[in-house]
Amino acid sequence: MNILSEKSVFTSMLQSGPFTVGDIPPFAHPFSRESKEWSRAMAGAPLVRTKYRAVRSQIFDFLSVSTFDEILLLIHDEKLRVKKTGRARQLLRDMFSIQGDVQVVDRYLQDYARTADDVINSLRAKVLAPYSSHIETTNEIETMHDPVALLLVLFDERFHRKARFEAKRKLALMSLAGSIDQRERETQIEQKFADFLIFLNDFVWSPSSKIGDLEICYLHSRHNAEEFRCIDVNVLSETEALAITPAAGEKLTLVKRRRFADKGSDIPIYVTIRKKPPAAKVLKLLRKNEKNPAIAVDDELGLMAVLNSISDVKRFLRHLTKSAVRADSFMTLEDISDTLTEGEYGGSATGSSSKTPMLKFFARLGGMRVEFIIHTNSSYLNYMYQRDVAHDEYEVKRIFDTGVAEFLFPSGIYHLDMEKIRTAQLSRFRRRIEEC
């Protein structure tokens, strides 16, 4: 379901219906012309009316008020606002299962606000980099971390429409960040990530190498003109690579490889291990149109590996399962998708390509569930560079095609044509990818 649809779980963020951030705050009298027009517009939308009532009740409960007029008192009465803020923080403490005093709660809220800002700034830094100044958050909103202060901005006529929308957006993103943090604390993801690294260092990687000892080498590849698909690749040492000047249609890609021991041989393997940062998890919830991180974020721990050949891939899988047994844990492989040798990748994510070859599965071991993505050198280079497959292009597509770009930066406020920007950004990333 698209995040911009009427049935979106983020309806209150949409710049349509009863939740639009207008030029003036929503303080229309119940019998005013604006209220009557709103009632007529909502006559045929019972779901939206129900959601509106639910959101209105949440606002009143959070601020401990019973009418919108009482909110005006909070804006102008500092003592009353401080009192309401203290109670609101108690509500949030219990909602997100935060253990600690007021200072601890405040620290968590600052972290949630920082994550909300990171969501916007991560898009400004890459997918929407040329439009960074267009989508920069208003200074006053970026410095706020108190949910009560942000909520009151929505009703404060001193703030411009853009600032009031950004306050609402930050509240929504902070709420998702809080849910993610609560989930991480409940599942002890930080400890599991540390345990996973210990498992790799103690049982998977070659004991003849020191931890962090990486061999620098390069993949020198040639790509066809039609798809920029890899048609030939050679592994070069650092010295050999320095003597190479890639021509048109060629790429020189740095990989830092570890080794694992199998039947007396050390097999080279490039590995990148990741734990999704909170901002990336928030974006994934938005793309999936989901508020529950337990449902939408199933790849918190992940490893991507690149090996020289299919035979090396099979050796690594065998070595991995045996390593788990040596660590006193049985390992099962779940949700296996293998398109390295045949078939097409059946990814369901919006923006993904069916041309993406990979071996993908989840490994369950030691109380963890880790996503593994395995490539050969050539499939990894296709994942990096091939047209309609490259990960940079995929990042652009999934932000625009899921509606997240328009959701976070509605055209009525930011005056940007997201369809044109999508096309321009895909062309920009493609040019950068194919440069020598």
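Going by the structure above, here's the rest.
A short tour of the structure in this document, coming up.

1. A word on the nonpolar core
Logical step 1: Judged by nonpolar contacts, the single largest core of 71 residues is most densely connected at L63, I71, L128, L286, L408 and F409.
Logical step 2: A total of 10 residues in this core trace back to one element, the largest contributor, which is helix α5 (residues 102–125).
Logical step 3: Apart from residues lying up to four places away in sequence, L286 is in contact with I3, F10, L173, L176, V404, F407 and L408.
Logical step 4: Grouped together as the second largest cluster of nonpolar side chains are 29 residues, F199, W205, L307 and M368 included.

2. What about the sheet that holds strand β6 (residues 332–338)?
Logical step 1: Strand order across the open sheet formed by 8 strands is β2-β1-β3-β4-β5-β8-β7-β6, with mixed pairing between neighbours. Every interior strand has two partners, whereas the edge strands, β2 (230–237) and β6, have only one. Each strand of the sheet is rotated relative to its neighbour by a mean of 35°, with strand direction disregarded.
Logical step 2: Where strand β4 (residues 265–275) meets strand β5 (residues 301–307), 6 bridges bridge the pair, whose relative direction is antiparallel. Along β5, the bridge assignment pairs Y270 with V306.
Logical step 3: Taken strand by strand, helix α14 (residues 377–385) contacts β1 (215–223), β2, β3 (250–262), β4, β5 and β8 (368–376), and its axis lies near 100° from that of β8.

3. Notes on helix α11 (residues 278–287)
Logical step 1: Buried residues dominate α11, accounting for 8 of its 10 residues.
Logical step 2: When we look at burial in α11, the residues that qualify are A279, K281, V282, L283, K284, L285, L286 and R287.
Logical step 3: On its buried face, α11 sits against α5, α8 (161–187), α12 (293–296), α15 (391–401) and α16 (404–408).

4. Here we look at the packing of α5 against α8
Logical step 1: For the pair α5 and α8, interaxial distance at closest approach is 8 Å and the crossing angle is 115°. As for the relative orientation of α5 and α8, their crossing is right-handed in sense. Facing α5, whose interface residues are Y108, L109, Y112, A113, T115, A116, D117, V119 and I120, α8 presents R169, K170, L173, M174, A177, G178, D181 and R185.

5. With respect to the pattern of salt bridges
Any two side chains of opposite charge can pair, given that their charged atoms come close.
Logical step 1: With the rule as written, the count across this model stands at 29 salt bridges.
Logical step 2: Measuring nitrogen to oxygen at the nearest pair gives 3.8 Å for the salt bridge that ties K275 to E184. With K275 in strand β4 and E184 in helix α8, the pair connects residues that are 91 residues apart, well separated along the chain.
Logical step 3: Using a relative accessible area of 11% as the deciding quantity, one classes E184 as buried.

6. Thoughts on the environment of V389
Logical step 1: Examined against the element boundaries, V389 turns out to sit in the loop between α14 and α15.
Logical step 2: On the accessibility criterion, V389 (6% relative accessible area) is buried.
Logical step 3: Once the C-alpha coordinates of V389 and H375 are considered, the two residues, 14 residues apart in sequence, prove to be 14 Å apart.

7. Side note on empty space enclosed by the protein
Logical step 1: One pass over the structure, following the stated rule, counts 1 cavity of 30 Å³ or more.
Logical step 2: Counted as a void, the largest cavity has a volume near 40 Å³.
Logical step 3: Around the largest cavity, the lining residues are A116, D117, I120, T137, E166, R169, K170 and L173.
Logical step 4: Mapped onto the lining of the largest cavity, the elements with two or more residues apiece are α5 and α8.
Logical step 5: Top element by residues in the lining of the largest cavity is α8. It accounts for 4 residues.
Logical step 6: A class-by-class count of the residues in the lining of the largest cavity yields 3 nonpolar, 1 polar and 4 charged.

8. Let's talk about α5
Logical step 1: For α5, built from 24 residues, the straight-helix expectation of 34 Å at 1.5 Å per residue is met to within 8% by its first-to-last C-alpha distance of 34 Å.
Logical step 2: The distance from a side-chain oxygen at the start of α5 to the backbone nitrogen of Q103 is 3.2 Å, and the residue carrying that oxygen is D101.

9. Topic: the packing of helix α2 (residues 46–63) against helix α4 (residues 78–95)
Logical step 1: Packing of α2 against α4 brings their axes to within 8 Å, and their N-to-C directions diverge by 115°. Residue-level inspection shows D61, F62 and L63 of α2 in contact with α4, the latter providing K84, R87, A88, L91 and L92.
Logical step 2: For the contact of α2 with α4, the residue count by class is 5 nonpolar, no polar and 3 charged.

10. Let's talk about the side chain of N224
Logical step 1: Mapped onto the secondary structure, N224 falls in the loop between β1 and β2.
Logical step 2: Polar side-chain contacts of N224 include one of 3.1 Å to the backbone nitrogen of E227.

11. Concerning the environment of I231
Logical step 1: For I231, the position within the fold is in strand β2.
Logical step 2: In sequence terms I231 and L381 are 150 residues apart; their C-alpha atoms lie 10.0 Å from each other.
Logical step 3: For I231, the residues in contact, after removing those within four places along its chain, are R222, H223 and N224.

12. Details of the side chain of R287
Logical step 1: Mapping R287 onto the fold places it in helix α11.
Logical step 2: Looking at R287, the relative accessible area reads 16%, which means it is buried.
Logical step 3: For R287, the residues in contact, after removing those within four places along its chain, are R398, T402 and V404.

Here is what the cut-offs are and how they apply
Residue indices begin from 1 for each chain and proceed along its sequence in written order. With the structure being a predicted model, the display of local features is reserved for residues of pLDDT at least 70 and the display and counting of side-chain atom pairs for 80 or more, all residues being used for whole-chain, interface and lining totals. By convention in this description, side-chain values take in all heavy atoms of the structure and omit both hydrogens and water. In these notes, a set of buried Ala, Val, Leu, Ile, Met, Phe, Trp, Tyr and Cys residues joined through side-chain atoms within 4.5 Å is what counts as a nonpolar core. Burial classes: relative accessible area under 20% of the type maximum marks a residue as buried, over 50% as exposed, and values in between as partly exposed (1.4 Å probe, protein chains only). In this text, helices come from DSSP runs of H or I with a minimum length of four residues, and strands from runs of E with a minimum of two, each type numbered from the N-terminal end. For this analysis, residues touch if any pair of their heavy atoms sits within 4.5 Å. By this definition, two strands are paired if DSSP reports at least two bridges between them. Inter-axis angles, ranging from 0 to 180 degrees, are taken between N-to-C directions of lines fitted to C-alpha atoms, where helices are fitted over the stretch in contact. For any pair of crossing helices, the crossing counts as left-handed if the nearer helix is rotated counterclockwise from the farther one by less than a right angle, and right-handed if it is rotated clockwise. Whenever a carboxyl oxygen of Asp or Glu lies within 4 Å of a side-chain nitrogen of Lys or Arg, that contact is scored as a salt bridge. Grid points spaced at 1 Å and placed over the protein atoms alone form the basis of the search, with a cavity being a set where a 1.4 Å probe fits but cannot get out and a pocket an open set showing protein on both sides within 12 Å along at least five of seven lines. Lining residues have an atom within 4 Å of a point. Grid points are joined across faces, edges and corners, and a volume is the space filled by probe spheres set on the points. Polar here means any residue other than Ala, Val, Leu, Ile, Met, Phe, Trp, Tyr, Cys and Pro, which are nonpolar, and Asp, Glu, Lys and Arg, which are charged; Gly is therefore polar. Each residue after the first adds 1.5 Å to the expected span of a helix. Here a polar contact is taken to be a pair of N or O atoms separated by no more than 3.5 Å, where protein atoms must pair a possible hydrogen donor with a possible acceptor and residues adjacent in sequence count only if both atoms sit in side chains.

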